[in-house]
Amino acid sequence: MSAQAAQSNAAQTVPLLAPTQQQSQAAHLSAEVLTRYHYKPVLLDDTSSSKIFDAYIKSLDGQKIFFLQSDIDQLSTFRTMLDDAILKEDLSIPFEIFNLYQQRIVDRITYARSLLKKGFDFKVDENSQLTREKSPWAKSQDEMNDIWRKRVKNDWLRLKLAGKNDKSIIDTLDKRYENNLKSNAKFKSDDVFQSFMNAYTMTIDPHTNYFGIQQSDDFDISMKLSLVGIGAVLQDKDEYTTIRELVVGSPAALSGKLEVGDRIVGVGQGVNGTVTDVMGWRLDDTVALIRGAENSVVVLDILPVTASTDSKHKLIALTRKKISLEQQAAKKSIIKVTDNGVTHQIGVISLPVFYQDFEARQNGDKSFKSATRDVSLLLEELKKDKVDSVLVDLRNNGGGSLDEAIELTGLFINKGPVLQERNDKGVIKVDSDTRKGALWDGPLGILINRGSASASEIFAAAIQDYGRGVIIGEQSFGKGTVQSVINLDQLVKNDKPKFGELKMTVAQFFRINGGTTQLRGVTPDISLPTITDLDNSGESSYDNPLPWSQIKSAEFTSAGDLKTVIPKLIANHNSRISKDKDFQYLQEDITEYKNQLDKNLISLNEAERIKEREVQEKRLASREKTSNSQLNDSLRDDGLQINERNLNRELEIEKIRKNTKDILLNEAANVLSDEISLPRVNNTVAINPTPKTEMH
C-alpha cells in the first residue's frame, strides 16, 4: 500500500517525508549494538517486528483519535516487515506509516474547524470519553466524526463556562486548531526517525532510548544541568505544554508561582514583550522560546493545574538562570511531636537528589560538593539540637549518583555491603560501604513515594534490609536497572556526528537480601494513604519492563530487628489517622479521583457541568467549617477540581501529593515518635547467602 493511495480526498497540506541513507545506516548500527550488548539482548525478527509495529502506532496515535480501524488493517501488512526495514537499511515503511498519520491529522483537524461554524446544543445529555487509549479503533468515518464532534464541543463548553462569548470562543478554537495544523506541517525526517527508533528501543526495555544528533545535545544539557532557562521539565500532554517537574533550586521552583501540572499556553520575551500563543505548538518549538540568555526575562502565560481549562490564566515573569548544585542541597528541619505530655524532636533531612560534583572530585578537589558530605554536616547539627530521631525525606527523589547512595547508607550503618550489581555477562559485583561506624545510630525513618527511584531505592532498600530504620510512605518507583550512553559515531570512528547515541541498559541492581528493586521497588513498612494508581505510574506502568528477579543474598550483619515493632507502629498509625480530619479528607479525594478514573467520562451538558462544580464547591465549603488544616487551606485557595478530571492522571496525582505533603510528613514524624516510645531491639544477626539462586 502506498501512502498516496491511502490518503483521503482532503487537500494535501503536508509534504511526504522520506528517510535518508544516514538514518537507515544508524538504525542498522543500533540494532547491531542492541542485539549484542544489551543487558537483555532481543533478536530482531518477525516477533520483535510485531512489537515494534504496535509500539510505533501507539506512539503516533495512543488515544486512537486519528487512525480508523481500516487504516490499521491496511498498515498491518507491515507488521512483520520492520525488522527487515532496519537490517536491510530501507526505512520507507515506517515513513509511509508516518505520512498516513500526518494526513489523518489534517483530516481530523480540518473537520474540527468546520464544526465551529455550526455551534452546539449544550442542553443535550451526552458524554465524552476523557481517554481512549483502551477503546477500540473507530470503525467508520461517521464514528470518528462523532468522537471529534464531542472533543470540539467539550473545548467550546470549557471556554463558555469560563465566561467567554461565542465569537471569542470561535476565534480561540480556530486559532488553536490552526496551530495544530502548523505544528503538524513542521515535522521533519529526523522527527520520524527519532519516533520510530524509540518505538524499537523501548520494545526491549523502557529505559533504552535512541538519541539523534539534536536529541543527544539536549540529553547532554539535561545531564549536566547547564541549561540556562527556568528549570522546568516540560512534556506534551493533552495538547498542552505542561510542567512535569520543577528542578530544585531553579528560577521556576524558587519563584513559588509554578506547580507541577501547570500548562504553558503562551511565552513572551521581556517584561513588556508580546506573549505568543503556543497552544498546538510542537514541544521543542515551545522549549526554544523559553530558553534564552542568562539574566534575561521570560514571561509565561499559565493555566494553573488547579484550574479547569476555561479558568483565568496568570502571567508569570521569570529571570533565566543557570542551575547549580548548591541550590539542590539537602536541608534540615525539626518537627516536635507531643503525645501524653511527652515531646519528641524529629530531625528531618530533605534530600531532593543524590548529587555530586563529579568534575571537582575527578580533579582532586577534597571539598567537592556531595550529598553525603552535606547530610553529614546536617546530622552533626541535629545531634547538637538533641533530636530523638531522624527522618530522611526522599519523596520525588529520582536518584542521581550511585556512589552517593552507597556512601550515604554508610552514615547510618557500620561498614558492609549496600548493593549488588549484575551485568550482561551475569557477573555479580557487591558495592560496599567501607567506613567503620555510623554517624547516626539512633532511631531512623525513611519517607518515600512513587517518585522515589533508582539511587533512592538503593538507599531505602539497604536501610530496610539491615533493619536499620522504618520505611514509610508509598511503594517506590521500581527502577532497578543501569544505563550507559554509547556514542555510535565513536564506535565506528566517524570524524563528525552522524549516527547519534544509544542510552542502553547494561546492568541490574539487586538488594543485599538478593531481591531486585526492579519493577517492585521498595515496599514501605508503614503505608500512607496514596492517590497513586500503580497501574499507571512507576516502572510497572511501562511497556516491556525487565521482570523482577532474585540472586543470592550478600553476606551482611543486620543492625537490628524491627519485625516486632512494626505491627505496633501500624496499629498506632491506623488508630491515629482514623480520627484525623485531614486524612479523612484525603481519603475522600482519593475515592473521588479513582471514581472518575473508572468513569472516564465528562458531561457535555452545561447544566450538569455547573452542578458538578457546585457540588465540589459545597464539599470544600463544608471542610472549611470543620477544619483549619493546611490541606483545607490549600484546597480552598487553589480550588482543586478533580471531578472533571480535565488533566491527565499523572498531573492530578502530583497536585494532590503537593497538597498533602505536610500531612504525610507530620504523620511520618508521628510514627517515629511512636517508635521512640517502644523498646528497641538492637541485637545483630549475621545474614549468610542462601544456597539457592533463582535467575529470571
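Cut-offs applied
Within each chain, residues carry numbers counting from 1 in the order of the written sequence. Per-residue local features of the predicted model are confined to residues with pLDDT of at least 70, and side-chain atom pairs are confined, for both listing and counting, to 80 or more; whole-chain, interface and lining totals are unaffected and use all residues. Remark: hydrogens and water are excluded; side-chain values derive from all non-hydrogen atoms of the structure. Where helices and strands are cited, they refer to DSSP runs of H or I of at least four residues and of E of at least two residues respectively, numbered from the N terminus. Note on classification: 1.4 Å probe, protein chains only; a residue is buried when its accessible area is under 20% of the maximum for its type, exposed when over 50%, partly exposed between these limits. For this analysis, residues touch if any pair of their heavy atoms sits within 4.5 Å. The Shrake-Rupley method, run with a 1.4 Å probe sphere, supplies the accessible areas, and residue values consider only the shown protein chains as cover. Two strands form a pair only when DSSP identifies at least two bridges running between them. Angles here are taken between N-to-C directions and fall from 0 to 180 degrees, while the axes themselves are lines fitted to C-alpha atoms, restricted in helices to the stretch in contact. Should an angle fall under 35 degrees it is called roughly parallel, over 145 degrees roughly antiparallel, and 65 to 115 degrees roughly perpendicular, with every other angle called oblique. For any pair of crossing helices, the crossing counts as left-handed if the nearer helix is rotated counterclockwise from the farther one by less than a right angle, and right-handed if it is rotated clockwise. Nine residue types can take part in a nonpolar core, namely buried Ala, Val, Leu, Ile, Met, Phe, Trp, Tyr and Cys, and a core is a set of them joined through side-chain atoms within 4.5 Å. Multiply 1.5 Å by the residue count of a helix minus one, and that product is the helix's expected span. The handedness of a crossover follows from its direction of travel: if, with the strands pointing away from the viewer, the path from the first strand over the helix to the second runs clockwise, the crossover is right-handed. Gly is placed with the polar residues, together with every amino acid not listed as nonpolar (Ala, Val, Leu, Ile, Met, Phe, Trp, Tyr, Cys and Pro) or charged (Asp, Glu, Lys and Arg). Side-chain rings of Phe, Tyr and Trp, where Trp is taken by its six-membered ring, are said to pair if the distance between their centres is within 6.5 Å; with planes under 30 degrees apart they count as stacked, over 60 as edge-to-face, and otherwise as tilted. Any Lys NZ or Arg CZ found within 6 Å of a ring centre and within 35 degrees of that ring's normal is scored as a charge over the ring. In this context, the arc is that of the directions from the helix axis out to the C-beta atoms. pLDDT is defined as a per-residue confidence score from the predictor, taking values between 0 and 100. Any carboxyl oxygen of Asp or Glu within 4 Å of a side-chain nitrogen of Lys or Arg constitutes a salt bridge here.

### With respect to the overall build of the protein chain
Part 1 of the reasoning: What the protein chain contains, in helices and strands, is 22 helices and 21 strands.
Part 2 of the reasoning: Relative to its full complement of 696 residues, the protein chain shows a buried share of 53%.
Part 3 of the reasoning: Long-range pairs, those at least 24 residues apart, make up 77% of the contacts in the protein chain with a sequence separation of at least 6.
Part 4 of the reasoning: About 30800 Å² of surface is accessible on the protein chain, with carbon and sulfur atoms providing 50% of the total.

### Some words on the sheet that holds strand β15 (residues 470-473)
Part 1 of the reasoning: Strand order in this open sheet of 6 strands is β9-β10-β11-β14-β15-β18, and the pairing throughout is mixed. If you trace the sheet from one side to the other, it starts and ends with β9 (331-339) and β18 (526-527), each paired once.
Part 2 of the reasoning: Relative to strand β14 (residues 444-448), strand β11 (residues 389-393) is paired through 4 bridges, and the arrangement is parallel. Each residue of the ladder has a partner; that of Val 392, found in β14, is Ile 446.
Part 3 of the reasoning: In the packing of helix α14 (residues 371-384) onto the sheet, the strands contacted are β9, β10 (342-350) and β11, and the crossing angle to β9 comes to about 35°.

### What about the packing of helix α3 (residues 46-61) against helix α6 (residues 92-115)?
Part 1 of the reasoning: At their nearest, the axes of α3 and α6 sit 11 Å apart, and the two run at 30° to each other. The pairing of α3 with α6 is recorded here as roughly parallel in orientation. As for the relative orientation of α3 and α6, their crossing is right-handed in sense. Residue-level contacts link Phe 53, Tyr 56, Ile 57 and Leu 60 of α3 to Pro 94, Ile 97, Phe 98 and Tyr 101 of α6.

### Points about the nonpolar core
Part 1 of the reasoning: Ranked by size, the top nonpolar core spans 66 residues in total, and within it Ile 97 and Tyr 200 carry the most contacts.
Part 2 of the reasoning: With 11 residues, α6 is the single largest residue contributor to this core.
Part 3 of the reasoning: Those residues in contact with Ile 97 that lie beyond four places of it in its chain are Phe 53, Tyr 56, Ile 57, Leu 60, Phe 67, Leu 75 and Phe 78.

### Looking at helix α7 (residues 141-161)
Part 1 of the reasoning: Its 21 residues place the ends of α7 30 Å apart at the C-alpha level, agreeing with the 30 Å of an ideal helix rising 1.5 Å per residue.
Part 2 of the reasoning: At the C-terminal side of α7, Gly 163 shows a positive phi close to 95°.

### Details of the pairing of β14
Part 1 of the reasoning: Burial of β14 is extensive: 5 of the 5 residues sit out of reach of the surface.
Part 2 of the reasoning: Both faces of β14 are covered, namely the face carrying Leu 444, Ile 446 and Ile 448 and the face carrying Gly 445 and Leu 447.
Part 3 of the reasoning: In the sheet, β14 pairs with β15 via 4 bridges, with the strands oriented parallel. Bridging across to β15, Ile 448 finds its partner in Gly 473.
Part 4 of the reasoning: Where the polypeptide runs from β14 across helix α16 (residues 455-465) and back to β15, its parallel neighbour, the crossover connection is right-handed.

### Let's talk about the packing of α3 against helix α9 (residues 189-201)
Part 1 of the reasoning: Running from N to C, α3 and α9 point in directions that differ by 130°, and their axes come no closer than 8 Å. By the angle between their directions, the pair α3 and α9 is classed as oblique. Seen from above, α3 lies across α9 with right-handed handedness. The segment α3 lies against α9, with Ile 52, Ala 55, Tyr 56, Ser 59 and Leu 60 engaging Val 192, Ser 195, Phe 196, Ala 199 and Tyr 200.
Part 2 of the reasoning: Its residues assigned to classes, the contact of α3 with α9 shows 8 nonpolar, 2 polar and no charged.

### Side note on the pairing of strand β13 (residues 428-433)
Part 1 of the reasoning: As judged from the 6 bridges shared by strand β12 (residues 416-423) and β13, these two strands associate in the antiparallel manner. Along β13, the bridge assignment pairs Pro 417 with Ser 432.
Part 2 of the reasoning: Taking the residues that link successive antiparallel strands as the turn, the β12-β13 hairpin has 4 residues, and the phi of Gly 426 there is positive, at about 85°.

### Considerations on the environment of Leu 75
Part 1 of the reasoning: Counting through the fold element by element, Leu 75 comes out in helix α4 (residues 69-75).
Part 2 of the reasoning: A relative accessible area of 0% means that Leu 75 is categorised as buried.
Part 3 of the reasoning: A sequence separation of 22 residues divides Leu 75 from Ile 97, and the C-alpha atoms of the two residues are 7.0 Å apart.

### Quick look at the packing of aromatic side chains
Part 1 of the reasoning: Applying the stated criterion to the full structure yields 14 aromatic pairs.
Part 2 of the reasoning: One aromatic cluster in this structure is built from Phe 66, Phe 67, Phe 98, Tyr 101, Trp 137, Trp 148 and Phe 187.
Part 3 of the reasoning: Just above the ring of Trp 137 sits the side chain of Lys 64; from NZ or CZ to the centre is 5.4 Å.
Part 4 of the reasoning: The side chain of Arg 520 reaches across the aromatic face of Trp 548, ending 3.8 Å from its centre.

### Overview of helix α18 (residues 566-578)
Part 1 of the reasoning: In a regular helix each residue adds 1.5 Å, so 13 residues correspond to 18 Å; α18 covers 18 Å between its end C-alpha atoms and thus fits that length.
Part 2 of the reasoning: Taken together, the buried positions of α18 are Ile 566, Leu 569, His 573 and Ile 577. Seen along its axis, α18 keeps its buried residues to an arc of 60°; they face one direction.

### Some words on unusual backbone geometry
Part 1 of the reasoning: Even without being a glycine, Glu 89 presents a positive backbone phi close to 55°.
Part 2 of the reasoning: When you line up the elements, Glu 89 lands in the loop between α5 (82-87) and α6.
Part 3 of the reasoning: One non-glycine residue, Asn 295, adopts positive backbone phi at about 75°.
Part 4 of the reasoning: Secondary-structure assignment places Asn 295 in the loop between α12 (283-290) and β7 (297-303).

### Remarks on the confidence of the model for the protein chain
Part 1 of the reasoning: For the protein chain, the average pLDDT comes to 85, and 85% of its residues sit at 70 or higher.
Part 2 of the reasoning: Counting contacts from residues 628-661, a segment whose pLDDT is below 50, to residues more than four positions away or on other chains yields 99 contacts.
Part 3 of the reasoning: Across residues 690-696, where pLDDT falls below 50, the model places 15 contacts with residues more than four positions away in sequence or in other chains.

### Brief notes about the pattern of salt bridges
Part 1 of the reasoning: Taken as a whole and judged by the stated rule, the model has 25 salt bridges.
Part 2 of the reasoning: In this structure, Asp 54 engages Arg 79 in a salt bridge whose closest nitrogen and oxygen atoms are separated by 2.9 Å. With Asp 54 in helix α3 and Arg 79 in the loop between α4 and α5, this pair connects stretches of sequence that are 25 residues apart.
Part 3 of the reasoning: The closest approach of N and O atoms between Lys 167 and Asp 171, which form a salt bridge, is 3.1 Å. Of the two residues, Lys 167 and Asp 171 both sit in helix α8 (residues 166-185), 4 residues apart, roughly one turn of that helix.

### A look at the environment of Gly 410
Part 1 of the reasoning: With respect to the element layout, Gly 410 can be found in the loop between α15 (402-409) and β12.
Part 2 of the reasoning: Note: C-alpha distance between Gly 410 and Ser 432 (22 residues apart in sequence) is 8.6 Å.
Part 3 of the reasoning: Setting aside anything within four residues of it in sequence, one finds Gly 410 in contact with Asp 433, Arg 435, Gly 437 and Ala 438.

### Some words on the environment of Val 430
Part 1 of the reasoning: Within the fold, Val 430 resides in strand β13.
Part 2 of the reasoning: Taking relative accessible area as the criterion, Val 430 reaches 40% and is therefore assigned partly exposed.
Part 3 of the reasoning: Sequence separation between Val 430 and Val 418 is 12 residues; the distance between their C-alpha atoms is 7.6 Å.
Part 4 of the reasoning: Apart from residues lying up to four places away in sequence, Val 430 is in contact with Pro 417, Leu 419 and Gln 420.

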